[in-house]
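Descriptive structure summary
In case you want the letters, here they are:
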Amino acid sequence: MRALLRRLAALVRRDRHERELDGEIAAHLELAERDAIASGLSPAEARRAAMRLFGSIEGMKEQHRDRRSVRWLETLTKDVRYGLAALARDPVFAAIVVGVLALGIGANAAMFSLMDAVLFKPLPFPSPDRIVRVWETTAPGSTATNATTAANFLEWRRRSRTFECFSAEALVNATVDIAGEPTRLAGRVVSARHFDVFGVTPLLGRTFAPGEDEPGAARVIVLSHAAWLMRFGGDPNILSRDVVLDGEPHRVVGVLASGNFDRDVARPGDAPAAFWKPLVFTQAQIDSGSHWIEVIGRLRPGVTIDRAQEDMLAVRASLAAVYPTFKKDWGVLVEPFDTRLVSDSFRQSIYVAFGAVVLVLLVACANVANLLLSKGVTRAKEMAVRSALGASRARLVSQLLTESLVLCAMGGAAGLLLAGWLLAVAIPLLPPVVVPSTADIRLDLRVFAFAAAVVFAVVLLAGLVPSIRTASGNLAAVMNQSARGSSAASGMIRRAIVIGEVAVSIVLICGAVLLFKSLLALQRVDVGVRTDRVVAMSIDLPRAAYRVPESAVQFYEAIVPRVRAVPGVDRVALSQDLPLEGAGGEYLDVPGRTDRILVRFKRIDPGYLSTLEIPVIAGRNFSADDTPESPRVVLINQELARNLRDRFGVTDPIGQTIVIAAPGFDAGGVRPNVQIVGVIGNERTRRDLRRAIEPVAYVVLSQVPRREIRLIVRTNLDPASIVPGIRAAVRRIDDRLAVADVRTMADVKQVSLAGTAEPAWLITAFAAVALLLAALGLYGVLSHAVTEQRREIGIRMALGARAADVLAHVMRNAAALIAVGLAAGLAAAAVATRVTASLLFHVSSWDPVAFAAAAGTMIVVGLAAALVPATRAARVDPTEVLRADG
């Protein structure tokens, strides 16, 4: 090791060592020369004798340098300096190559950063492999999961033996007064050991203590770092303050460190969680059969997921006697926490986008290889002369590869800068609902290592062949070739590279067209409601002020006429859920039948159908006569009517009595008999537009009230213009209420395209870059060919060829290259586009329109790129060419 360090240090002190070496050699020669003079030789003869005795001075120097230094590193340093000097002599060439490489490497680094953060990095918690989710499943061994009940969670926590700690979690919203303005904050109610599951250490204070999730415990909360900064101004004394949530004071006991908990988003349109408070179960919640909480846990050290699965199955078996009949075949699933952080469609989108960006890099490499081959033609004489003077072919290839490495390293550095900019622009545009909160997307050492690997790969892909070609000539051949142009072999290589660029571009364009056709098909999907000029907002009634169902119903009756009186408002509705944003699931029974139907369960008021223009197919809509005191009624959609007909033979559902759960105001609830009074059009309740329409049952909001409601307003004005008036109307009824989550229904529908629009735009951008690079490659090859054939073209024109003939000749050559590339590209696209099949909607992966559009685009762009050098060839003056040749 000491010898190696000494050799490396010699590289830094090279000039000093050279001077010392020269001094030592001079001293040896002087001593030898004095000895020779003393023996009777003349000074000149003594000098020659000393030189003969010493031997080759340069050879001696080389041996000494080999012993004192790392020779290959010294040679590399020289080659790098030479390469930088060569680039400085041709800055335009260097700028073009670095720019092309920056595009390819930068896009790859940015995509790798996203893919690594989302798919490959371990969770940013201690021992992340021990963090799991625990679900109920509707069948043994099924992966169709369901949330669980409060009673189940408590029994799981008490009876399991393989978990270090358990936590239940549910979403909650709360209104807090900030600077005199009621503001709604998103949050979570969790078990006291929730943060122990993740091994989180707070920035300030503490997390929850044991027992703080028990009845009677003091009200406490933990704030996210982002909420502490943005909502409470980073108050350093926050731990001594009480925050009033929904009219009830809560003591702040901790502030989390910045990081993934600042990005904890559960549903589309939700704000990140701002606070966490203990989940204190009421007896009504424990007795309720509602599946409303999600369970996470930390395994004990050394416990595998399979062992935990066995443990939970044993726990479930011990509880079999207390389960209702319909749950007798249900099971339990233990899975890694990160299994469902990324949806399958988004995972597939990332892989497809990364494959596309790799293809862009290949096109960039091809362009750089073409540029280096063209540059090599101008340096062939230099290389041949150096070879004639004794340089080995390996030494020349080594130097040329080092020059390529310098170029690629500069391109890599520029690419990392571009990647940083791309991430800064793209990250805010990524839908938070599809990007997990644990994903820390940034340029880190893993990305730098990936970029370095890409640079070396590019050196081999783009620099090896040009380096070998440039270093392979002898002096006589090069001098003869200089009179005729570059070799046919070099021309063939450049044309083959262009053909490859065209083929890759075709694959990318086909993929982009297919994804855009799929996106358009999704945008045309009928969601069952009219979304234009509709604005929606959330209102949460605080528990302290609205303790009983009657108080909520009074608010419903007051708010609708108040908002309807706001100028510009046409229609007003109340609902628990918006279209496309989910709905609760409940089982529907028909008296006398044992089968059950799982349906979506929505609470709406009588104005919901008219506001969203959902048609009544049969029967009637809800009316003002459907009050809490009147008989329970229900509307069903066409899909549920079809299910009743196909499974139970109910051909006319109007007047049919069914049984469906009616969750209570706080918890619990009953399963009353309700009468179907109407059949309405199908409204999509799920964000994923690819999924089949689900059966939905609608109940009257006033008969089954909730504190969390959505206010939906149709207007004849710009939706944004009526929001202040609506806020004022709400404040006149209750100035403690916050109007939050204001969005148009057009925005809600746009969220449904999350995970579909992004890959379409990404692939389109990559295809455009590849198309541009392919066009530049074609232009470069033809331009180089025209320059080489200038003398030939001049002779042909002197012998009678017309400018149109020359133009047609060059364009035919271009068309031939494009045609071969098209054939190869279309064949490759027929195979490659099958990878995108799972991302497509109502579009075949072999869609002929996509293939025709890709081919047409490539032909137009390719011929346009060829037109410039073809025009230049047609303008060659034969007189000037022949005079220049002498």
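Presented here is an overview of the structure given in this document.

Conventions adopted
- Residues numbered from 1 in each chain as written.
- Predicted model: local features only at pLDDT ≥ 70, side-chain atom pairs only at ≥ 80, totals over all residues.
- Heavy atoms only, no water.
- Helix = DSSP H or I, 4+ residues; strand = E, 2+ residues; numbered from the N terminus.
- Buried < 20%, exposed > 50% of the residue type's maximum accessible area, 1.4 Å probe, protein only.
- Contact = heavy atoms within 4.5 Å.
- Areas by Shrake-Rupley, 256 points an atom, 1.4 Å probe, with all protein chains shown as cover.
- Core = buried A, V, L, I, M, F, W, Y, C linked by side-chain atoms within 4.5 Å.
- 1 Å grid on protein atoms, 1.4 Å probe; cavity = no way out; pocket = protein on both sides within 12 Å on 5 of 7 lines; lining within 4 Å.
- Points joined across faces, edges and corners; volume = space filled by probe spheres on them.
- Nonpolar A, V, L, I, M, F, W, Y, C, P; charged D, E, K, R; others polar.
- Pairing = 2+ DSSP bridges.
- Patch = residues over 30% accessible without salt bridge, like charges linked within 9 Å, V, L, I, M, F, W, Y side chains within 5 Å.
- Salt bridge = Lys/Arg side-chain N within 4 Å of Asp/Glu carboxyl O.
- Axes fitted to C-alpha atoms, helices over the stretch in contact; angles between N-to-C directions.
- Parallel < 35°, antiparallel > 145°, perpendicular 65-115°, else oblique.
- Left-handed = near helix turned anticlockwise from the far one by under 90°.

Bringing the overall build of the protein into the picture now. Looking only at helices and strands, one finds 26 helices and 24 strands in the protein. Every one of the 886 residues in the protein was classed for burial, and the buried ones make up 50%. In the protein, of all internal contacts separated by at least 6 residues, the share reaching a separation of at least 24 is 80%. For the protein, the exposed surface amounts to about 40200 Å²; the carbon and sulfur share of it is 59%.

If you look at the biggest cluster of nonpolar residues, it comprises 150 residues, and the most contacted ones within it are Val118, Phe198 and Tyr608. Not counting chain neighbours up to four residues away, the residues in contact with Val118 comprise Val342, Phe346, Ile350, Val435, Pro436 and Ala439.

Next up on the list: the layout of surface pockets. Taken as a whole, the second largest pocket encloses approximately 760 Å³ of empty space. Along the walls of the second largest pocket sit 28 residues, with Leu422, Ala426, Leu762, Ala765 and Phe766 positioned nearest its centre. Elements that contribute at least two residues to the lining of the second largest pocket include exactly α6 (91-120), α12 (344-388), α13 (393-426) and α22 (757-788). Taken together, the residues of the lining of the second largest pocket break down into 25 nonpolar, 2 polar and 1 charged.

This brings us to empty space enclosed by the protein. Within this structure, the stated rule accounts for 2 cavities of 30 Å³ or more. Reported here for the largest cavity is a volume of approximately 50 Å³. When the residues that make up the lining of the largest cavity are grouped by side-chain class, the tally is 9 nonpolar, 1 polar and 1 charged. As a volume, the second largest cavity reaches approximately 40 Å³. Lining the second largest cavity are Arg684, Thr685, Arg686, Ala692, Ile693 and Glu694. Considering only residue class, the lining of the second largest cavity consists of 2 nonpolar, 1 polar and 3 charged.

Along any regular strand, the residues point their side chains to alternate faces of the sheet. With burial as the criterion, only one face of strand β7 (residues 242-245) is covered, namely that bearing Val243 and Leu245; the residues Asp242 and Val244 on the opposite face remain uncovered. Across 4 bridges, the pairing between β7 and strand β8 (residues 248-255) is antiparallel. Across the sheet, residue Leu245 finds its bridge partner in β8, namely Glu248. The hairpin turn running from β7 into β8, its antiparallel successor, is 2 residues long, and Asp246 in that turn takes a positive phi close to 50°.

A few words on a nonpolar patch on the surface. Taken together, the side chains of Val358, Leu362 and Leu461 present a nonpolar region at the surface, about 230 Å² in accessible area. The residue Leu461 is located in helix α14 (residues 445-470) in this model.

Where helix α24 (residues 803-832) meets helix α25 (residues 848-874), the axes come as close as 8 Å, and the angle between the chain directions of the two elements is 155°. Compared by their axis directions, α24 and α25 come out roughly antiparallel. Considering how the two elements wind past one another, α24 and α25 form a crossing that is right-handed. From α24, Ala803, Val806, Leu807, Val810, Met811, Ala814, Ala815, Ile818, Leu822, Leu826, Ala829 and Ala830 reach across to α25, where they touch Phe851, Ala855, Met858, Ile859, Gly862, Leu863, Ala866, Leu867, Ala870, Thr871, Ala873 and Ala874. The class makeup of the residues in the contact of α24 with α25 is 22 nonpolar, 2 polar and no charged.

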